[in-house]
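Analysis of the macromolecular model
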Amino acid sequence: MSNSRIGTVALVTGASRGIGRALAVGLAKFGYDVAVTDLPGQAKELEITRAEIEATGRKAYIYTMDVSSKHEVEATTAALLRDAGRIDVLVNNAGILKPSLLQDLDEGSWDAHFDVNAKGVLLMCQAVLPHMRARKSGRVVNIASIAGRQGVPTQGHYAATKATVITLTRVLAQEVGMDGVTVNAICPGIILTEMGKNNLGSDEAIRHWEEVAALKRLGYPEDIIGPVCFFASEQSAFVTGQALNVCGGIYFH
Ligand SMILES: NC(=O)c1ccc[n+]([C@@H]2O[C@H](COP(=O)([O-])OP(=O)(O)OC[C@H]3O[C@@H](n4cnc5c(N)ncnc54)[C@H](O)[C@@H]3O)[C@@H](O)[C@H]2O)c1
């Protein structure tokens, strides 16, 4: 893809490992300076992401925070605006999945999934969108999931949070489009990260889903980079409120 960034600074949450780290490094290779955030316990891993961003020649900004804390989200956004002066692209990637049958799901786990996966996206958007709207430019990319389109057993609570993310994407797109900001979502399929492998649980399950996939393989974090760079580029200027499946052909709606 030709380099047509819409600005200079991208922010990726949950970027100490997995899809978030791949996206941070991918956006740096695409030409963005990249701010990365994760929980305080992930500070060491964030340093690895920092080194990989800096190896591309771009600047890295690092902050620890919990996306489900309004206070921490606001403080981090203010710190980044002070340090980098602008935020052009926001990638809401932080998320959790602890599988459970709905029958057995405890209330605390339901709340925790909604706090991180759904409220975290809302809080980040509430903090960053006023800045983008004032500058009449910006891109938000929410990492949802194909689970948000069709739940599967043991992921009912997670799927409900990701369906919420898709709905927030559609509504936010309509609420901020007049100010030159687009909001889109990506729905990854099964990606072989810590979360993806825990979720599948066995080599047999991996082989099953590889066979189901049209492309006969499961995904790697790097498979999500191209679609995110598309949404973070001029090429997607007329695309908003959409949710794009990036799943190797295991789900088609
Ligand atoms: N791996 C998959 O198969 C898959 C499929 C569909 C969607 N997704 C989504 O992609 C995103 C990344 O998933 P991944 O597979 O890389 O998972 P992962 O568990 O490897 O990474 C998630 C990151 O989010 C961070 N995080 C968790 N809670 C947080 C909080 N409260 N505040 C800040 N950061 C927090 C974690 O520390 C971690 O670095 C998630 O939103 C996930 O739901 C993953």
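Once a new chain begins, its residue numbering starts again from 1 and follows that chain's sequence as written. This being a predicted model, a pLDDT of at least 70 is required before a residue's local features are given, and a value of 80 or more before pairs of side-chain atoms are given or counted; all residues contribute to the totals for chains, interfaces and linings. Based on all heavy atoms of the structure, the side-chain values leave hydrogens and waters out of the count.

Labelled according to an unreviewed UniProt entry, the chain appears under the name 3-oxoacyl-[acyl-carrier protein] reductase, originating from Mesorhizobium robiniae.

1. What about the site of the ligand?
When we say a residue is near a molecule or strand, we mean one of its heavy atoms is within 4 Å of it. Lining the immediate surroundings of the ligand are 28 residues, of which Arg-17, Asp-38, Asn-93, Tyr-158 and Thr-193 lie closest. A 3.5 Å cut-off defines polar contacts: any pair of N or O atoms within that distance qualifies, except that in protein one atom must be a possible hydrogen donor and the other a possible acceptor, and neighbouring residues in sequence count only when both atoms are side-chain atoms. At 3.1 Å from an oxygen atom of the ligand is found a side-chain nitrogen or oxygen belonging to Ser-16. Lys-162 places a polar side-chain atom, nitrogen or oxygen, 2.9 Å from an oxygen atom of the ligand. Each accessible area is a Shrake-Rupley estimate made with a 1.4 Å probe; only the visible protein chains count as cover when residues are assessed. Protein contacts shield 95% of the accessible area of the ligand, which totals 820 Å² for the unbound molecule. Grouping the constituent residues of the shell around the ligand by class yields 14 nonpolar, ten polar and four charged. Asp, Glu, Lys and Arg are counted as charged, while Ala, Val, Leu, Ile, Met, Phe, Trp, Tyr, Cys and Pro are counted as nonpolar; the rest, among them Gly, fall into the polar class.

2. A short note on the sheet that holds strand β7 (residues 243–246)
Two strands are said to pair when DSSP picks up at least two bridges between them. Helix and strand labels come from DSSP, where a helix needs a run of H or I of at least four residues and a strand needs a run of E of at least two; each type is numbered from the N terminus. Strand order in the open sheet made by the seven strands is β3-β2-β1-β4-β5-β6-β7, with parallel pairing throughout. Whereas interior strands pair on both sides, the edge strands pair on one side only; in this sheet they are β3 (60–64) and β7. Averaged over all adjacent pairs, the angle separating strand axes in this sheet is 20 degrees, with direction ignored. Of the pairings in the sheet, the one linking strand β5 (residues 138–143) to strand β6 (residues 181–188) comprises six bridges and is parallel in character. Here, axes are lines fitted to C-alpha atoms. For helices the fit covers the stretch in contact, and angles between N-to-C directions go from 0 to 180 degrees.

3. Observations concerning the packing of aromatic side chains
Each aromatic ring pair is summarised here by two numbers: the centre-to-centre distance and the angle between the ring planes. Stacked, tilted and edge-to-face are the three classes applied to pairs of Phe, Tyr and Trp rings, where Trp contributes its six-membered ring and a pair requires centres within 6.5 Å; stacked means planes under 30 degrees apart, edge-to-face means over 60, and tilted covers the rest. Across all of its chains, the model carries three aromatic pairs by this definition. A ring pair is formed by Phe-30 and Tyr-32, whose centres lie 6.1 Å apart and whose planes are at 45 degrees; its orientation type is tilted. Considered together, Phe-30 and Tyr-32 belong to a single accessibility category, that of buried residues. Relative to Phe-114, the ring of Trp-110 lies with its centre 4.7 Å away and its plane at 35 degrees, an arrangement referred to as tilted. Of this pair, Trp-110 and Phe-114 both sit in helix α4 (residues 107–135), four residues apart, which is roughly one turn of that helix. Throughout this description, buried means an accessible area under 20% of the type-specific maximum (1.4 Å probe, protein chains only), exposed means over 50%, and partly exposed covers the range between.

4. Remarks on the nonpolar core
Residues belong to one nonpolar core when they are buried, are Ala, Val, Leu, Ile, Met, Phe, Trp, Tyr or Cys, and are joined through side-chain atoms within 4.5 Å. Counting 43 residues, the largest nonpolar core has Leu-11, Leu-90, Met-124, Leu-129 and Met-132 as the members making the most contacts within it. Every element with two or more residues in this core is listed here: β3, α3 (70–84), α4, α5 (156–176), β6 and α7 (203–212). Of all the elements, α4 adds the most residues to this core, at nine residues. Should any heavy atoms of two residues lie within 4.5 Å, those residues are counted as being in contact. Setting aside residues no more than four positions away along its own chain, Leu-11 makes contact with Ala-35, Thr-37, Leu-80, Ile-87, Val-89, Leu-90, Val-91, Met-124 and Val-128. The next biggest cluster of nonpolar side chains, apart from the first, holds 30 residues, and it includes Ala-22, Leu-46, Ile-186 and Val-246.

5. Concerning the environment of Leu-80
With respect to the helices and strands, Leu-80 occurs in helix α3. In this structure, the C-alpha to C-alpha distance between Leu-80 and Ser-236, residues 156 residues apart in sequence, is 25 Å. Among all residues touching Leu-80, those that are not within four sequence positions of it are Leu-11, Ala-35, Tyr-61, Tyr-63, Gly-85 and Ile-87.

6. Concerning the pattern of salt bridges
By convention in these notes, a salt bridge is any Lys or Arg side-chain nitrogen within 4 Å of a carboxyl oxygen on Asp or Glu. This model, assessed by the stated rule, comprises twelve salt bridges. The salt bridge partner of Arg-50 is Glu-47, with a shortest N-O separation of 2.8 Å. A residue pair is termed a helical-turn pair when its members lie 3 or 4 positions apart in one helix, as Arg-50 and Glu-47 do in helix α2 (residues 43–55) at three residues. For Glu-211, the salt bridge identified is with Lys-216, shortest N-O distance 3.4 Å. Residues joined in a network through salt bridges with shared partners are Glu-47, Arg-50 and Glu-54.

7. Here's the deal with unusual backbone geometry
With a phi angle near 60 degrees, Lys-136 is a residue other than glycine that sits in the positive phi range. Along the chain, Lys-136 falls in the loop between α4 and β5. One non-glycine residue, Lys-216, lies in positive phi territory at about 60 degrees.

8. Some thoughts on the UniProt feature "domain: Ketoreductase" (unreviewed entry) in the chain
With numbering aligned to this structure, UniProt lists the feature "domain: Ketoreductase" (unreviewed entry) at residues 8–189. Within the segment residues 8–189, helix and strand shares are 49% and 19% respectively, and the terminal C-alpha atoms sit 29 Å apart. UniProt positions are given in the numbering used here, feature names are shortened, and annotations may be inferred rather than shown by experiment.

9. Thoughts on α3
Over its 15 residues, α3 extends 21 Å from the first C-alpha to the last, a length consistent with the 21 Å expected when each residue adds 1.5 Å. Listing the buried residues of α3 in full gives Val-73, Thr-76, Thr-77, Ala-79 and Leu-80. Down the axis of α3, the smallest arc covering the buried residues is 165 degrees, so these residues share one side. Residues His-71 and Arg-82 are exposed on α3 and point more than 90 degrees away from its buried face. A helix's residues, less one, multiplied by 1.5 Å, set its expected span. In this context, the arc is that of the directions from the helix axis out to the C-beta atoms.

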